Amino acid sequence: TSGNKIYISTSENSFYWTSLGTVNVHNQHYSFETMNQEVLLTSRETSEKMKKINILTSSMSHLVETTNLSSASIHVKGKYILNSKNYLIAANCYDLTTVSTSFPTRIYYSYFLMPSSFSWNRYIDFRTTGKEDITGIDELFGRVHIFFPYSIYELDFTILEPDPSIGDQRVEKIVSGFG
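Treat the numbers as computed from the prediction; the structure is a model and nothing was measured.

1. Description of the overall build of the protein chain
Link 1 in the chain: When helices and strands are tallied, the protein chain shows zero helices and 14 strands.
Link 2 in the chain: Secondary structure elements of the protein chain, listed N to C terminal, follow the sequence β-β-β-β-β-β-β-β-β-β-β-β-β-β.
Link 3 in the chain: Across the 179 residues in the protein chain, those meeting the buried criterion constitute 42%.
Link 4 in the chain: The contacts of the protein chain with a sequence gap of at least 6 include a subset with a gap of at least 24, amounting to 40%.
Link 5 in the chain: Of the roughly 9,800 Å² of accessible surface on the protein chain, a fraction of 51% belongs to carbon and sulfur atoms.

Shown next, in the form of structure tokens:
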């Protein structure tokens, strides 16, 4: 990214870059993930919509299409994203469905292998002291780590599902006092 443009290289052997598209705000920082032959990206500074780049066609579009959302679907935007076990996890989120509502201590998770599908009940809230916002998300040894300024939480799962008879997610605070 440079200025308000997103560039891609069209070859592994040459240094020719082509502009793929533009973004709303100049010089933003982005989180990138790959999933289903696409590069997913989200801006960290604004509530701009998450985007996807189709690697095969070199085209860019919004990750979540808002025209035909079902009644259970919501339009989520996370400041940080992670592909873990074929679920897209968005952290420090905005719900852009009707108005931009901020959830800085929440992660949303997509349906399995469907990174653009979020629903109103597929989230985990973290209650931290001092109202800390999520500052990052990463994976280590198959477990998701959610970073806060003064703590780190760990999410372990095989299946992410709100229904406890199906989902097996477990959240544990593993670091306290620094993050």
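2. Quick look at a nonpolar patch on the surface
Link 1 in the chain: The grouping of Tyr 111, Phe 112, Leu 113 and Met 114 at the surface amounts to a nonpolar patch, some 360 Å² of accessible area in total.
Link 2 in the chain: Tracing the backbone through its elements, the reader meets Leu 113 in the loop between strand 9 (101–109) and strand 10 (123–125).
Link 3 in the chain: On the basis of relative accessibility, which here comes to 39%, the residue Leu 113 falls in the partly exposed class.

3. Concerning the sheet that holds strand 9
What links the strands of a sheet is backbone hydrogen bonding, and the strands pair in either a parallel or an antiparallel sense.
Link 1 in the chain: Taken in spatial order, the four strands of this open sheet run 7-8-9-10, and their pairing is antiparallel. Of all the strands in the sheet, just strand 7 (76–84) and strand 10 have a single pairing partner and so form its edges. Taking the axes of each pair of neighbouring strands and ignoring which way they run, one obtains an average angle of 30° across the sheet.
Link 2 in the chain: The sheet contact formed by strand 9 and strand 10 spans three bridges and is antiparallel. Counterpart to Arg 106 in the pairing with strand 10 is Asp 125.

4. Considering the pairing of strand 9
Link 1 in the chain: In this sheet, strand 9 lies alongside strand 8 (residues 87–95) in antiparallel orientation, the contact comprising six bridges. Pairing of Ala 90 across the sheet is with Tyr 108, part of strand 9.
Link 2 in the chain: Linking strand 8 to strand 9, which pair antiparallel, is a turn of five residues.

5. Notes on the sheet that holds strand 11 (residues 136–140)
Link 1 in the chain: The four strands lie next to each other as 11-12-13-14, forming an open sheet whose pairing is antiparallel. Each edge of the open sheet carries a strand with a single partner, namely strand 11 and strand 14 (170–176). Taking the axes of each pair of neighbouring strands and ignoring which way they run, one obtains an average angle of 25° across the sheet.
Link 2 in the chain: As judged from the six bridges shared by strand 13 (residues 151–156) and strand 14, these two strands associate in the antiparallel manner.

6. Regarding the environment of His 29
Link 1 in the chain: Residue position: His 29 is located in the loop between strand 2 (17–22) and strand 3 (30–35).
Link 2 in the chain: As for His 29 and Thr 42, which are separated by 13 residues in sequence, their C-alpha atoms are 8.5 Å apart.
Link 3 in the chain: Apart from the residues lying within four places of it in its own chain, the contact partners of His 29 are Thr 42, Ser 43, Arg 44 and Glu 45.

7. Here's the deal with the pairing of strand 6 (residues 59–62)
On a regular strand, each side chain points to the face opposite its neighbour's, so the side chains alternate between the two faces of the sheet.
Link 1 in the chain: As judged from the four bridges shared by strand 5 (residues 51–54) and strand 6, these two strands associate in the antiparallel manner. Note on strand 6: the bridge partner recorded for Lys 52 is Ser 61.
Link 2 in the chain: Where strand 5 folds back onto strand 6 in an antiparallel hairpin, the turn is made up of four residues, including Ser 58, whose phi is positive at roughly 55°.

8. Some points on the pattern of salt bridges
Link 1 in the chain: Applying the stated criterion across every chain yields a total of six salt bridges.
Link 2 in the chain: A salt bridge links Glu 154 to Arg 143; the nearest nitrogen and oxygen atoms lie 3.2 Å apart. Of this pair, Glu 154 sits in strand 13 while Arg 143 sits in strand 12 (residues 143–148), placing them eleven residues apart in sequence.
Link 3 in the chain: Counted as one network, the salt bridges with shared partners bring together Arg 143, Glu 154, Asp 156, Arg 170 and Glu 172.

About the criteria used
- Residues numbered from 1 in each chain as written.
- Predicted model: local features only at pLDDT ≥ 70, side-chain atom pairs only at ≥ 80, totals over all residues.
- Heavy atoms only, no water.
- Helix = DSSP H or I, 4+ residues; strand = E, 2+ residues; numbered from the N terminus.
- Buried < 20%, exposed > 50% of the residue type's maximum accessible area, 1.4 Å probe, protein only.
- Contact = heavy atoms within 4.5 Å.
- Areas by Shrake-Rupley, 256 points an atom, 1.4 Å probe, with all protein chains shown as cover.
- Patch = residues over 30% accessible without salt bridge, like charges linked within 9 Å, V, L, I, M, F, W, Y side chains within 5 Å.
- Salt bridge = Lys/Arg side-chain N within 4 Å of Asp/Glu carboxyl O.
- Pairing = 2+ DSSP bridges.
- Axes fitted to C-alpha atoms, helices over the stretch in contact; angles between N-to-C directions.

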